Amino acid sequence: MSIMADQSYDLGDQNGAPMDYPEHEATYSMFMSLVKWGIIFNVALLIAMAAGFFMGAGFVGGTLIFILLMIASKVLA
């Protein structure tokens, strides 16, 4: 019998297995932060690409717009 398969918990009080709720909350908080910054990054990148390609800003202008948008989002978010 494997040690991994021999995990048993007291289910008499219907609480199930013991949970590490602070770790769950920390993981969820980190996940939500990554989602937020991923969305911000993608929106800033799309705006910078639109400015660079369609509004005549070029590569340097698009890069500067991206940097400014990321700085502004760090200050505001």
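Coordinates for the structure precede this section.
Note that the structure is predicted; figures quoted are calculated from it, not measured.

A.B. asks: Requested: an account of a nonpolar patch on the surface, with residues and values cited.
C.D. replies: A cluster of nonpolar residues, Tyr28, Phe31, Met32, Val35, Ile39, Val43 and Ile47, forms a patch on the protein surface that exposes about 650 Å² of accessible area. In this structure, Phe31 sits in helix α1 (residues 21-54).

A.B. asks: Give a detailed account of the packing of aromatic side chains, specifying residues and quantitative values.
C.D. replies: In the structure shown here, the tally under the stated rule is 1 aromatic pair. Between Phe41 and Phe66 the ring centres are 5.4 Å apart and the planes differ by 90°, which places this aromatic pair in the edge-to-face class. Taken as a pair, Phe41 in helix α1 and Phe66 in helix α2 (residues 58-76) lie far apart in primary sequence, 25 residues in all. In this structure Phe41 comes out as partly exposed when scored by relative accessible area, which is 37%.

A.B. asks: Tell me about the side chain of Ser73, and name the residues and values.
C.D. replies: Tracing the backbone through its elements, the reader meets Ser73 in helix α2. Here the side chain of Ser73 touches Met70 through a polar contact of 2.8 Å, landing on its backbone oxygen. In this structure Ser73 touches Trp37 and Ile40, once residues within four positions along its chain are discounted.

A.B. asks: Account for the layout of surface pockets, with residues named and values stated.
C.D. replies: In this structure, the largest pocket spans a volume of roughly 180 Å³. Around the largest pocket, the lining residues are Leu45, Ala48, Met49, Gly52, Phe53, Gly58, Phe59, Gly62, Thr63 and Phe66. Taken together, the residues of the lining of the largest pocket break down into 6 nonpolar, 4 polar and no charged.

About the criteria used
- All residue numbers refer to positions counted from 1 along the written sequence of the respective chain.
- Only residues with pLDDT of at least 70 get local features here, since the model is predicted, and only at 80 or more are side-chain atom pairs given and counted; chain-wide, interface and lining totals rely on the full set of residues.
- Values shown for side chains rest on all heavy atoms present in the structure; no hydrogens or waters enter the calculation.
- A residue counts toward a patch only above 30% relative accessible area and without a salt bridge, and it is joined to like-charged neighbours within 9 Å or, for Val, Leu, Ile, Met, Phe, Trp and Tyr, to nonpolar neighbours within 5 Å.
- Note on areas: Shrake-Rupley, 1.4 Å probe, and residue coverage restricted to the protein chains presented here.
- Salt bridges are identified by distance alone: a Lys or Arg side-chain nitrogen within 4 Å of an Asp or Glu carboxyl oxygen.
- Only DSSP runs of H or I with at least four residues qualify as helices, and only runs of E with at least two residues qualify as strands; both kinds are numbered from the N terminus onward.
- Any pair of Phe, Tyr and Trp rings, taking the six-membered ring for Trp, is counted once the centres come within 6.5 Å. Such a pair is stacked with planes under 30 degrees apart, edge-to-face with planes over 60 apart, and tilted for the rest.
- Only protein chains enter the accessibility calculation, which uses a 1.4 Å probe; a residue is then buried when its area is under 20% of its type maximum, exposed when over 50%, and partly exposed in between.
- Nitrogen and oxygen atoms within 3.5 Å of one another constitute a polar contact, given that in protein one can donate a hydrogen and the other can accept it, and given that sequence-neighbouring residues count only through two side-chain atoms.
- Any two residues whose heavy atoms approach within 4.5 Å are treated as being in contact.
- We place a 1 Å grid over just the protein atoms. Points where a 1.4 Å probe fits but has no way out form a cavity, open points with protein on both sides within 12 Å along at least 5 of 7 lines form a pocket, and any residue with an atom within 4 Å of a point lines it.
- Grid points are joined across faces, edges and corners, and a volume is the space filled by probe spheres set on the points.
- When residue character is reported, Ala, Val, Leu, Ile, Met, Phe, Trp, Tyr, Cys and Pro are called nonpolar, Asp, Glu, Lys and Arg charged, and the others, Gly included, polar.

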